[in-house]
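# Summary of the model geometry
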Amino acid sequence: MFNSPADVSERLAAVDYLSDDSIATSVFLAAALGKPLLAEGPAGVGKTQLAKAVAQATGAELIRLQCYEGLDEARALYEWNYKKQLLRIQATSSDDDIFSEEFLLERPLLKAIRSAGPTVLLIDETDKADVEVEGLLLELLSDFQVTIPELGTIEATLRPFVVLTSNATRELSEALKRRCLYLHIEYPTQDRERDIVLSQVPTLPADLAEQLARTVATLRALELKKAPSVAETVDWARTLLALGREELDEETVSGTLGVVLKHASDQARARKELGL
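Structural notes, computed from the coordinates. (Residues numbered from 1 in each chain as written. Predicted model: local features only at pLDDT ≥ 70, side-chain atom pairs only at ≥ 80, totals over all residues. Heavy atoms only, no water.)

A few words now on helix α13 (residues 264-274). Those residues of α13 that sit buried are D266, Q267 and A270. For α13, the buried positions fall inside an angular range of 100° around the axis, keeping them on one side. Of the exposed residues in α13, the ones pointing more than 90 degrees away from its buried face are A264 and K272. Contacts from the buried residues of α13 go to α10 (206-220). G275 lies just past α13 and shows a positive phi near 70°. (Buried < 20%, exposed > 50% of the residue type's maximum accessible area, 1.4 Å probe, protein only. Helix = DSSP H or I, 4+ residues; strand = E, 2+ residues; numbered from the N terminus. Arc of directions from axis to C-beta. Contact = heavy atoms within 4.5 Å.)

Shown next as structure tokens:
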């Protein structure tokens, strides 16, 4: 997929994802070694967007499994079309061959394994799923195959590029981590966030992007319930353009804090600490 970490940086930048050396090297090694990449870090630092950018940069299909509490095999891997099976049994008075391809419903994991073209499989917010879901992933992540008792083992003809994301709300199992390369993504530096904002909102004046990045860095240094994400910084930049503001003065910050701080207590703390 990529020739070098520098190639990763260049091609991701072409789709407006500005990576650092750690991200570029991890993506390159995951592709070169055929290993899943586990990206962990605070919410809103670009973990999900990384998978989307890799798919866009390589022309691969993006298949996404959104994890949540209660996710099970039928939603993640596959299930049988029971209504269609029942109709077949009623029509033929037999249950022969009702567990065949005709009655199989693909879910994201099986779809990625059976895909014939380049694929990026995004397993998003893995830490939100129950521990049992990790058991479903072990065979897929180690051997890139899925076993369906009625059909046998289905092996990937072309390995997908797999990205798992985690906000670290719970510790993932060692068995899962052992199968992956690990990448910790923190909030970007002030300079990098300024560059990210300018890449996403190119009409924003550079000095205003600098002020935004500096202010967001100050907010993240406070003890907040939810620190501003990079996406919220970009939203703030678009907000300033929509309002026609040319400077991030006290009045503007106070009037638009709701774009980046979504808790009343966080806004109150920010106003106090910033002297608004």
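What follows is about the sheet that holds strand β5 (residues 119-124). Read across the open sheet, the 5 strands follow the order β2-β5-β8-β1-β9; overall the sheet is parallel. With one partner strand each, in any of the chains shown, β2 (61-66) and β9 (181-184) form the two edges of the open sheet. Taken pair by pair, the neighbouring strands of this sheet meet at an average axis angle of 20°, ignoring direction. Note: β2 against β5, 6 bridges, orientation parallel. Residue R64 lies in a different strand from β5, and its bridge partner there is L122. Packed on one face of the sheet, helix α2 (residues 21-33) meets β1 (37-40), β8 (161-166) and β9 and runs near 165° to β9. Where helix α3 (residues 47-58) meets the sheet, it contacts β1, β2, β5, β8 and β9, and its direction lies at approximately 170° from that of β5. (Pairing = 2+ DSSP bridges. Axes fitted to C-alpha atoms, helices over the stretch in contact; angles between N-to-C directions.)

This brings us to the packing of helix α9 (residues 190-200) against helix α11 (residues 230-243). Packing of α9 against α11 brings their axes to within 10 Å, and their N-to-C directions diverge by 55°. When the axis of α9 is compared with that of α11, the two are oblique. Crossing of α9 over α11 shows right-handed handedness. Between α9, through E193, I196, V197 and Q200, and α11, the contact on the second element is made entirely by V230, T233, V234, A237 and R238. The residue inventory of the contact of α9 with α11, partitioned by class, reads 5 nonpolar, 2 polar and 2 charged. (Parallel < 35°, antiparallel > 145°, perpendicular 65-115°, else oblique. Left-handed = near helix turned anticlockwise from the far one by under 90°. Nonpolar A, V, L, I, M, F, W, Y, C, P; charged D, E, K, R; others polar.)

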